[in-house]
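Architecture and fold: a report
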Amino acid sequence: MSGTPPTPASPADSGDAAAPKSFRTPIGTHDLAPPESGRWVALLGAFIAAADRAGFGYLQTPIFEDIGVFARIGEGTDVVGKEMYEFLDRSDRHLALRPECTASVCRAFAQHRPATPWKVWYQGPFFRYEAPQAGRYRQFHQIGAETLGTDDPDADVEIIALAAEFFGAIGLQRVPLLVNSMGDADTRAAYGEALSSYLQRRADDVDPKDRDKIERHPLRILDSKREATAAVAAEAPRITDYLTQATAAHFERVREGLNALGVSHEVDHKLVRGLDYYTRTTFEFRAASLDTAQDTVCGGGRYNGLVEALGGPPTPGIGFALGIERLLLACDAEGVFDIPAQRAEVWVIDTAGGAAARDLTHELRSVGIRADRAFDDRSMRAQMRAADRSGAEVALIVGTDEVDAAAVTVRPLRRPDGGDAGMPQQTVPRAELLGTLQRIFDELNAEGGT
RNA sequence: CGGGUCGUAGCUCAGUUGGUUAGAGCGCCAGUUUGUGGCACUGGAGGCCGGGGGUUCGAAUCCCCUCGAUCCGCCCA
């Protein structure tokens, strides 16, 4: 990662002996370096495969947008209220770093008017100005998928199944799915009244720290973690009792579909989600293996009014976002989806000046072999150590003898049985090198690949 | 933004009631006779003890401030 510290600038160059200022990543941000970064690449690969099979195409939207795009997420939410990275550019345009992607996807839809259904997935960094803690960062990363242009409950099922499929692909087991329905505007209004009057009646039983929410954001009372509040919430009216016939039927069909696909789930009447735009289906996957404060690994729902609110045609939509950092935390907790080993297949050792290492690695790579080498003309011993640590199957040794004979010494480093005691080496003419390597790999695959 | 815990080598950590040149393990580099890895041994590089101020003859150690990390509230992926 960090290399050798640079030698201090000589007074002659700098004219000043003061140590240069050093920097680190801003609060709540992180570098992602090998080997850990290999996990992200693999994770993305697994998602891409699942999304591709389900007919979702990749959508990339800007990392910053006109701040108005995000205002529709919810006036009362912290996400737009106080957590946005907003700024004026040099021409006084009021912009913001994106805190999430659904609004951007809807903006893109309104801007381009693609044919429907529009099925897209996205991936990338998002930004929220919050104090970091376990599973919550100022720059975090999400993968998500959205289907716009259809209100068909089977689209909801497809979206949820995609997330479930992905969890399965990376080996996550303990991520129970919770679903609920927020109904439509009418049910939300009717339910809002019922909930408010109930909460006002029980205000004294609500934890004092939650009381202000009764006025400000009554829905959020429902998912409070405080014991007293949770007790009140448990007896609160349920939104599913206020669903219109159409939304109730929609919800029923979604559940039926999940059952049909074997996606186990549970209805959670207290699942309200934080963002204002949700209508009808809402859902969350929570990591049961995590005992951190943030255990929602994937959240989503339907947002039938959002495209219109962003100046587009009335267009229904459903989607989810999943937090990569949290997902990886959950993988750690379950002990699944390890960091993939990145290893060379062949390591070239050159004690005759380096030209052979330069040329051979290039030649091997061009025929598809993962080949690597040491630099700086190190001793043979050092190069052998590097070869061993690289995990390579085979070392190719080129010293002065080999150069004179136009040959290469092929030195296997692993045994098919997994041991590493070494096998007899052989010196072959350079012209026969690829064939010899092929035989060795075949042998290893045949005997070792049980 | 409020609260808890914590900052000593690249990493994980020792460092006794304040007392001389701040240590270990791992990692890294080099060697242990001829051109050969893992194991073992030897040596080496690498620390403004997070930063600033204070108390003291003397501070990694005590006090204050600050910055950062981490966790919780809150919020959310």
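Residues numbered from 1 in each chain as written. Chains lettered and ligands numbered in written order. Predicted model: local features only at pLDDT ≥ 70, side-chain atom pairs only at ≥ 80, totals over all residues. Heavy atoms only, no water.

Some points on the overall build of chain A
Counting its secondary structure elements, chain A contains 17 helices and 16 strands. A compact globule built from 450 residues should have a C-alpha radius of gyration of about 22 Å, whereas chain A, at 29 Å, is more than 25% larger. Overall size of chain A, expressed as C-alpha extent along the three principal axes, is 90 × 65 × 45 Å. For chain A, the residues scored as buried account for 48% of the 450 residues in total. A total of about 23200 Å² of accessible surface is found on chain A, and carbon and sulfur atoms cover 50% of it. Where the 49 positive side-chain charges of chain A centre and where its 66 negative ones centre are 3 Å apart. (Helix = DSSP H or I, 4+ residues; strand = E, 2+ residues; numbered from the N terminus. Rg over C-alpha atoms; globule rule 2.2 N^0.38 Å. Buried < 20%, exposed > 50% of the residue type's maximum accessible area, 1.4 Å probe, protein only. Areas by Shrake-Rupley, 256 points an atom, 1.4 Å probe, with all protein chains shown as cover. Lys, Arg positive; Asp, Glu negative; His and termini not counted. Charge placed at Lys NZ, Arg CZ, Asp CG, Glu CD.)

Observations regarding the packing of aromatic side chains
Counted by the stated rule, this structure contains 15 aromatic pairs. Seen from their ring centres, Phe47 and Phe320 are 6.4 Å apart, and the 85 degrees between their planes marks the pair as edge-to-face. Placement of Phe47 in helix H2 (residues 37–53) and of Phe320 in strand S11 (residues 317–323) is noted, with a sequence separation of 273 residues between them. Taking relative accessible area as the criterion, Phe320 reaches 1% and is therefore assigned buried. Aromatic side chains Phe166 and Phe167 sit 6.1 Å apart centroid to centroid with 40 degrees between the ring planes, which places their arrangement in the tilted category. Both residues of the pair, Phe166 and Phe167, count as buried. (Phe/Tyr/Trp six-rings, centres within 6.5 Å; stacked < 30°, edge-to-face > 60°.)

Quick look at the environment of Ala115
As for its placement among the helices and strands, Ala115 is situated in the loop between helix H5 (102–112) and strand S5 (118–127). As a C-alpha pair, Ala115 and Gly299 span 184 residues in sequence and 26 Å in three-dimensional space.

Describing the confidence of the model for chain A
Summing up the model confidence of chain A, the mean pLDDT is 89 and the portion of residues at 70 or higher is 93%. Mean pLDDT values for the elements of chain A range from 31 in helix H1 (residues 11–14) up to 98 in strand S1 (residues 57–58). Every residue in residues 1–17 is under pLDDT 50, and counting partners more than four places away or in other chains gives 3 contacts. (pLDDT = per-residue confidence, 0-100. Contact = heavy atoms within 4.5 Å.)

Remarks on the sheet that holds strand S16 (residues 426–429)
The strand order across the open sheet built from 5 strands is S13-S12-S14-S15-S16, with neighbouring strands paired in mixed fashion. Across the chains shown, the open sheet's two edge strands, defined by having one partner strand only, are strand S13 (371–373) and S16. Between one strand axis and the next, the sheet turns by 30 degrees as a mean value, whatever way the strands run. Set on the sheet, helix H14 (residues 355–366) makes contact with strand S12 (346–350), S13, strand S14 (394–398) and strand S15 (407–412); between it and S12 the angle comes to about 160 degrees. Each of S12, S14 and S15 is contacted by helix H15 (residues 380–390), which is oriented at about 175 degrees to S12, the strand it contacts most. (Pairing = 2+ DSSP bridges. Axes fitted to C-alpha atoms, helices over the stretch in contact; angles between N-to-C directions.)

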